[in-house]
Amino acid sequence: MSAKAAVAFLFTVCLLSSSPQALAQSTPKVAVLAPLSGNYSSLGKAVRDALEWVDGELLLPIEWVYFDTKGEASIATELSKEIAENPDFIALFGPVGQEESRQVVSALSDTQLPIIVLSSADGIEETASHIFRARVSAEEQSRALARFAIDVLEKERAAVFYPDDDYGRSCMLAFTGELQTMGLEPGPVEPYPADEHKVQKEAELLTGKRIRKASDEGEFKTVKQKRAKLDFDVLFIPDDGGELARIAPYLELAGLSMGGGAQIPLLGTSAWLTGQTSAAEGRLEGAMLLRLFDAEHSSVSNWVQDFYDREERMPTDFEAQLGDAALYLSQALRRCPDSPSRECVLQGLASGARIQGIAGFFSFSAKRSPVRELFVYVMDGNGESWRAE
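Residues numbered from 1 in each chain as written. Predicted model: local features only at pLDDT ≥ 70, side-chain atom pairs only at ≥ 80, totals over all residues. Heavy atoms only, no water.

Visitor: Which parts of the structure should I look at to understand the overall build of the chain?
Guide: A tally of helices and strands in the chain yields 11 helices and 17 strands. In summary, the chain has a C-alpha radius of gyration of 23 Å against a globular reference of 21 Å for 389 residues, a match within 12%. Each principal axis of the C-alpha atoms in the chain carries an extent, and together these give about 80 × 50 × 40 Å. Looking at the 389 residues of the chain, the share that counts as buried comes to 52%. Charge centroids of the chain, computed over 38 positive and 58 negative side chains, lie 6 Å from each other. (Helix = DSSP H or I, 4+ residues; strand = E, 2+ residues; numbered from the N terminus. Rg over C-alpha atoms; globule rule 2.2 N^0.38 Å. Buried < 20%, exposed > 50% of the residue type's maximum accessible area, 1.4 Å probe, protein only. Lys, Arg positive; Asp, Glu negative; His and termini not counted. Charge placed at Lys NZ, Arg CZ, Asp CG, Glu CD.)

Printed below as a string of structure tokens:
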């Protein structure tokens, strides 16, 4: 595996000092919008766990003030308006959910309150110049995988097999769009029903074991062939791990070689980490996915051990990304005078400075999207994934 397997974007770090006396005078308050109760309370707990995890390592202490959205966009919006009107808060951290986040940034688009949105919704940061997105989007992962397939794996024709839902369609469009930006036409692009167990026909259309033919009436029908005719050398499947394991047998039956001896590599986003990939029974060996946090790397062993000591579990990619955003906010605050203003915090967040975070180097781009390292992992026969070296 090429050393270029890790996609990294690097900027220069610029940190300004602050006197101990200034730190003691006042602790900046940052509002945190998260679902602390309700159906999504596990996400709210993860937000709190992430902030408590990095609290002792912040360059400037922050007083986190939590507001419970209950996972409802209307509640999040009303709370955000109260926060924006309260001059004690110099920034807003949250919300998490996509719909909550969209409504909040829309409601606060005319304010100058710095907002670090915890949603991974692609483009949400474009709403206004004071909106920053903390998490890498599925579309960004898809574009990175397209570049990885062509530049690193040196493949020439990439296919996409995707669930016909919002996530699958957005990833497919991002992946194929990046190929076209690179001057390449995608290979076969085939959807399959997201809510249907059997995907045999769709898998056969992908592999060429079944083709579409027009009837005399101008309607299309599918006709099965004697054997598959693969017209691609790499396959992108943007689905979660459980669904990936479910469709793998159908791909194999359709003529796609699976497992350790496969000639066509499979690629996926970090969504593969969700669900039981072990159910694929070795068919996914050698498949590659992106991860946003390399928890096994020696450089983060102290971070990981500290989190495990606190929570008795391993930290997730989600928590690592939030922790890095909190560290970056602290760095931005350190650039400000004794009593930081919202304007100063905004300038610090937009500075383009780079920090060494938990999940690698982190910064915000000029367009206020996250800039961080992405790690390629390879799956073994048991459905576990290991970092590619």
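Visitor: How do you make sense of the sheet that holds strand E2 (residues 63-68) when you look at a structure like this?
Guide: Strand pairing in a sheet relies on backbone hydrogen bonds. The paired strands run either parallel or antiparallel. The strand order E2-E1-E3-E4-E5 describes an open sheet built from 5 strands, whose pairing is parallel. The two strands at the open ends of the sheet, each matched to only one other strand, are E2 and strand E5 (131-133). Neighbour-to-neighbour, the strand axes of the sheet open up by a mean angle of 25°, direction not taken into account. Where strand E1 (residues 29-34) meets E2, 6 bridges bridge the pair, whose relative direction is parallel. Residue pairing across strands places Ala34 opposite Asp68, the latter belonging to E2. In the packing of helix H3 (residues 73-85) onto the sheet, contacts are made with E1, E2 and strand E3 (89-93), and the angle to E1 comes to roughly 170°. Running at roughly 45° to E3, helix H11 (residues 342-349) makes contact with E3, strand E4 (115-117) and E5 of the sheet. (Pairing = 2+ DSSP bridges. Axes fitted to C-alpha atoms, helices over the stretch in contact; angles between N-to-C directions. Contact = heavy atoms within 4.5 Å.)

Visitor: In this structure, what is going on with the side chain of Glu190? I would like to understand it.
Guide: For Glu190, the location among the structural elements is in strand E7 (residues 189-192). Relative accessible area serves as the criterion here: at 7%, Glu190 is assigned to the buried category. A distance of 2.6 Å separates the side chain of Glu190 from the side chain of Arg212, its partner in a polar contact. Excluding anything up to four places from it in sequence, Glu190 contacts Val160, Phe161, Tyr162, Glu202, Leu205, Leu206 and Arg212. (Polar contact = N/O pair within 3.5 Å; in protein donor to acceptor, adjacent residues only side chain to side chain.)

Visitor: What's the story with the pattern of salt bridges in this structure? I'm lost.
Guide: Any two side chains of opposite charge can pair, given that their charged atoms come close. In total, this model carries 23 salt bridges according to the counting rule given. Where salt bridges share partners, they join Lys45, Asp49, Glu311, Arg313 and Glu319 into one cluster. (Salt bridge = Lys/Arg side-chain N within 4 Å of Asp/Glu carboxyl O.)

Visitor: What exactly am I supposed to notice about helix H9 (residues 301-311) here?
Guide: For an α-helix the count is 3.6 residues per turn, leaving residues at separations of three or four pointing the same way. For H9, the full list of buried residues reads Trp303, Val304 and Phe307. Axial view of H9: buried residues confined to an arc of 95°, hence all on one face. Away from the buried face of H9 by more than 90 degrees, exposed residues Asn302 and Asp309 are located. In the segment just after H9, Glu312 is the residue with positive phi, at about 60°. (Arc of directions from axis to C-beta.)

Visitor: When you look at the packing of aromatic side chains in this model, what are you seeing that I'm missing?
Guide: Any two aromatic rings considered together are summarised by their centre-to-centre distance and by the angle between their planes. Scanning the entire structure with this criterion turns up 10 aromatic pairs. Taking the centre distance of 5.8 Å and the plane angle of 90° together, the rings of Trp53 and Trp303 count as edge-to-face. Within this pair, whereas Trp53 is found in helix H2 (residues 41-54), its partner Trp303 is found in helix H9, the two being separated by 250 residues in sequence. For the pair Trp53 and Trp303, a shared accessibility class is recorded, and that class is buried. (Phe/Tyr/Trp six-rings, centres within 6.5 Å; stacked < 30°, edge-to-face > 60°.)

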